[in-house]
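What follows is each chain in one-letter form.
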Amino acid sequence: MRLEKCWFCSSTIYPGHGITFVRNDATIFRFCRSKCHANFKLKRNPRKLRWTKAYRKLAGKELAQDTTFELERKRNRPERYNRELLCATMKGMKAITEIRKKRQDRFYDTRMQKARKQTRESEKKSLLKDIHLVKAPESLLKDKQQDLLLEKVAAEPVATVEQMDVQE
Amino acid sequence: MPLYNFKQMHVVPSAAAFIDIVLSRTQRQTPTVCRSGWKISRVRQFYMRKVKHTQQTWHEALTQILEDFPRVDDIHPFYGDLLNVLYDKDHYKLALGQLNVARSLIDKLAQDYIRLLKYGDSLYRCKCLKRAALGRMVTLMKRQAASLKYLEQVRQHMSRLPSVDPNVRTLLMCGYPNVGKSSFMNLVTRADVEVEPYAFTTKSLYVGHMDYRYLRWQVIDTPGLLDRPLEDRNTIEMQSITALAHLRAAILYIVDISEECGYSIAQQAALFHSIKPLFVNKPVLIVCNKIDVTSMESLGEKDQKILTEMAKEAGRLGLSGAFLEHSADGYKGSLLSMTTLKEDGVMAVRNTACDQLLEHRVEAKMKGKRFGDVLNRIRVAMPNSGINPDRPPVIPSSVTQAQAMDEDNQKKTEKDLQEERGGAGVYSADFHKHYLLENDSWKYDIMPEIWDGHNIIDFVDADIDAKLEELQQEEEELLAKFERQRAQFGGIPELTAEERSLLEDIRARKAKIIADHRRAKAVADNRGVIPKKHNTDGSLNTSGMRRSLERMGMDPSLAVERARRQSRGRSADRSRNASSRAAGAEDEEMEDVPEAMKRVHSTKSRSMSRGRSLSLMAPKKGSGLKDVAIKNKALKMADRAQRRMNKLARRGEADRHIPCLRPKHLLTGTRGIGKNQRR
């Protein structure tokens, strides 16, 4: 018993789920659900449908090449059971999947860098442009003058103010 | 067998039919139209072709007939004689010869007429020559009518002759009529020959076939013979004679010892002796039939003697060597008895006859010239038995030892285990115990296959620890790199809390504007405008204005006050007529209300809330109207003029008009020429 990957969307197929199609040249096509099967029958290309793993990897939406993927590989050679090796494998699996998760997160973060910048810019712009919707220009002006005054007061020491008066 | 098969011969048509066939074929296969305007050479050629074609057709048809019929001299003498007996050889030859002559005459005649046609000088003459040629050919063939008729009859008869193969192993019966020849034939072969209790039931030769010693045998039944000189014999008898004379067969001379056939044994013996020259060099058997009526023993001494004599004579005639040895009792081999009625002794007769014939044929062959040649070429190889017949099985000693060991301490088989633990259906075989693992204590481990959406087997690797180590290192490096990059480029300043809240306000406000607009739009489409006094949320009254201004960060007090002051109530004193009174009051307020300063209207002016009526406006310069009164009059007149028109609700140029997009008169109707552009 093993978990298969859907031919169309590359999702995991658990035993007892989905449908398998064997073409008359003995090629096996496994599908996770009727949606994938139906799309296959419509002769659609999974690389062109946005919801498939194939598209996401091709379009650079997801981590496509990594060492962690290479460590998980289907082997067509039967392995003889070894308890120690299995224990080591189980530990290794956990480590590998954790690392992969982190790498995927970082990938996403890097990918979103540009978008974040754009959002910030648009927000700033909106603050400048649409402020009239919440504050009247007159009140804004008033606020500004107040701010300036406060700044001035904060910047000049009390003594200097006196000096200036003297000079006048 | 099909050496002499006369069934394939073509039908010989009668003279009239023959002429029809040939002439119609000429008509069909040559051109039929000839014109007088043609060149004479073409006309000549046209008629020459006709003549030539007719001649060729005759030639071919006659040749076919001449080839089909066998020549009496060329075929086997048996058939030659049979044809002579049945159809008269002279007549047969004559008919064929006449046809042959007719054929050559036609050829010559055609040649002559073609030569004449070469000198034909007109169409008419050519045509006459052709007519003459064909006519003479037809006349020639008409004269052959008798021959053709005879040949057709011969053909029909020949096609029904039994197909006797003169060279194959043959049994031949002969004897007086009604002695039981045909009965014997019916018993021995699959043939179904007519058997009746009167003489000359069989009027021609019959052939049957049988199998003996895995060989094919031909059995010929002949018509009965009477004892009289050859010249007196009739055609039926002559057929028998022909068969006896020419076929190398075993001859069964059948004697009716009961004399029921009407002839005494002595008479039958006399016949035998009279035709015995025909039996020379053939195995001959004297077969006594009908022993169910009269047995051999009950015969008189005289008759017995006659039979013995016949048998002796038969032995002497037929066999050169083998049977002459026991000449004293030799006749016993040639004298047999049977009854076809009870079917007793029939098979013995058949077997004896066949054996004798076989022996005779072998002897004849050995005397032949070719025998020596064949013998030289034959060598019979006898294999010597070089192979050892008894080969005992070889069992290695180790195997025997192992078997002995097993008997001592027997291993428990799976079957034994099954019997011990509840038998078939209860016991389930343990496959785990046969596992080949490094450590036997692992045999019964439960191997997990799936973990967290992954196949465990996919991760199995002998040096997984080393690879993990490597991966961890790589991960550290990558993480450091990522952090560096982030520090370098990723410094996008966050918004302050104040800014964030402001932004949220802006967004909320925008959303509200949009929602309001949409609501208003939907309302405007479907319903009448709600009057302001029904404005329930209070956004359109002074308190609403106050709230909104406060939210925008402004002081609403002045604005609210002004709005209240300017609004007009419904009471009579605040109506239009009271405006002059109000003007005075306004003047008093002017000093402390700054907005009132802007008002510059005359006393006539009414509320600011209304636009000025047209009727109060002074006429424009150059309009040709003197003053307001005249202008108003003009307006009224215009209105009145329009009133009737409006009542009629006639269509005017200001009305919306949709022109007919598909004018019917341009698009309907028949289109004989396939288009309607002419309209």
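The structure under discussion appears in the preceding block.
Described below are features of the structure shown in this document. (Residues numbered from 1 in each chain as written. Chains lettered and ligands numbered in written order. Predicted model: local features only at pLDDT ≥ 70, side-chain atom pairs only at ≥ 80, totals over all residues. Heavy atoms only, no water.)

### Things to note about the sheet that holds strand 3 (residues 215-221) of chain B
Residues and elements named next belong to chain B.
Piece 1. Pairing is mixed across the open sheet formed by six strands, whose spatial order is 2-3-1-4-5-6. Where the open sheet ends on each side, the last strands, each with one partner, are strand 2 (206-212) and strand 6 (335-337). Geometrically, the sheet is characterised by an average inter-axis angle of 25 degrees between neighbouring strands, direction not taken into account.
Piece 2. Taken together, the four bridges between strand 1 (residues 170-174) and strand 4 (residues 250-256) define a ladder with parallel strand orientation. In the strand pairing of strand 4, C174 is matched with Y253.
Piece 3. Along the sheet, helix 7 (residues 181-188) contacts strand 1, strand 2, strand 3 and strand 4; its crossing angle with strand 3, the most-contacted strand, is approximately 155 degrees. (Pairing = 2+ DSSP bridges. Helix = DSSP H or I, 4+ residues; strand = E, 2+ residues; numbered from the N terminus. Axes fitted to C-alpha atoms, helices over the stretch in contact; angles between N-to-C directions. Contact = heavy atoms within 4.5 Å.)

### Remarks on the packing of aromatic side chains
All names here are of chain A.
Piece 1. The tally for this structure, following the rule as stated, stands at 20 aromatic pairs over all chains.
Piece 2. One aromatic cluster in this structure is built from W7, F8, F21, F29, F31, F40 and W51.
Piece 3. It is K35 that lies over the ring of W51; its NZ or CZ is 3.9 Å from the centre. (Phe/Tyr/Trp six-rings, centres within 6.5 Å; stacked < 30°, edge-to-face > 60°. Lys NZ or Arg CZ within 6 Å of the ring centre and 35° of its normal.)

### A look at the packing of helix 4 (residues 83-129) of chain A against helix 16 (residues 464-489) of chain B
Piece 1. One way to put it is that helix 4 of chain A packs onto helix 16 of chain B with a least axis distance of 11 Å and a crossing angle of 15 degrees. One element, helix 4 of chain A, and the other, helix 16 of chain B, form an angle in the roughly parallel class. For helix 4 of chain A against helix 16 of chain B, the interelement crossing comes out left-handed.
Piece 2. Of the residues that constitute the contact of helix 4 of chain A with helix 16 of chain B, the class distribution is eleven nonpolar, five polar and nine charged. (Parallel < 35°, antiparallel > 145°, perpendicular 65-115°, else oblique. Left-handed = near helix turned anticlockwise from the far one by under 90°. Nonpolar A, V, L, I, M, F, W, Y, C, P; charged D, E, K, R; others polar.)

### Remarks on a nonpolar patch on the surface
Piece 1. A cluster of nonpolar residues, V374(B), I378(B), V380(B) and M382(B), forms a patch on the protein surface that exposes about 440 Å² of accessible area.
Piece 2. Checked against the element boundaries, I378(B) lands in the loop between helix 13 (370-377) and helix 14 (397-408). (Patch = residues over 30% accessible without salt bridge, like charges linked within 9 Å, V, L, I, M, F, W, Y side chains within 5 Å. Areas by Shrake-Rupley, 256 points an atom, 1.4 Å probe, with all protein chains shown as cover. Salt bridge = Lys/Arg side-chain N within 4 Å of Asp/Glu carboxyl O.)

### Thoughts on a positive patch on the surface
Piece 1. Among the surface-exposed residues, R248(B), K365(B), R370(B) and R377(B) lie close enough to one another that they form a single positively charged patch.
Piece 2. Among the secondary structure elements, R370(B) is positioned in helix 13. (Lys, Arg positive; Asp, Glu negative; His and termini not counted. Charge placed at Lys NZ, Arg CZ, Asp CG, Glu CD.)

### A short note on the interface of chain A and chain B
Piece 1. Facing the 53 residues of chain A at the interface are 53 residues of chain B.
Piece 2. Taking both sides of the interface into account, the surface hidden between chain A and chain B amounts to around 5,300 Å²; carbon and sulfur atoms contribute 64%.
Piece 3. It is Y81(A), M93(A) and R106(A) that lose the most area in chain A upon contact with chain B, and together they represent 13% of the buried surface on that side.
Piece 4. Taken together, chain A and chain B are joined by ten salt bridges.
Piece 5. In this structure, R120(A) and E494(B) form a salt bridge, with 3.0 Å as the shortest nitrogen-oxygen distance.
Piece 6. Our count for the chain A to chain B interface comes out at 22 residue pairs in polar contact (both at pLDDT 80 or more).
Piece 7. Taken together, the elements giving at least two residues each to the side of chain A that touches chain B come down to helix 3 (67-71), helix 4 and helix 5 (137-155) of chain A.
Piece 8. No other element matches helix 4 of chain A, which puts 28 residues into the side of chain A that touches chain B. (Buried area = accessible area lost by both parts, 1.4 Å probe. Polar contact = N/O pair within 3.5 Å; in protein donor to acceptor, adjacent residues only side chain to side chain.)

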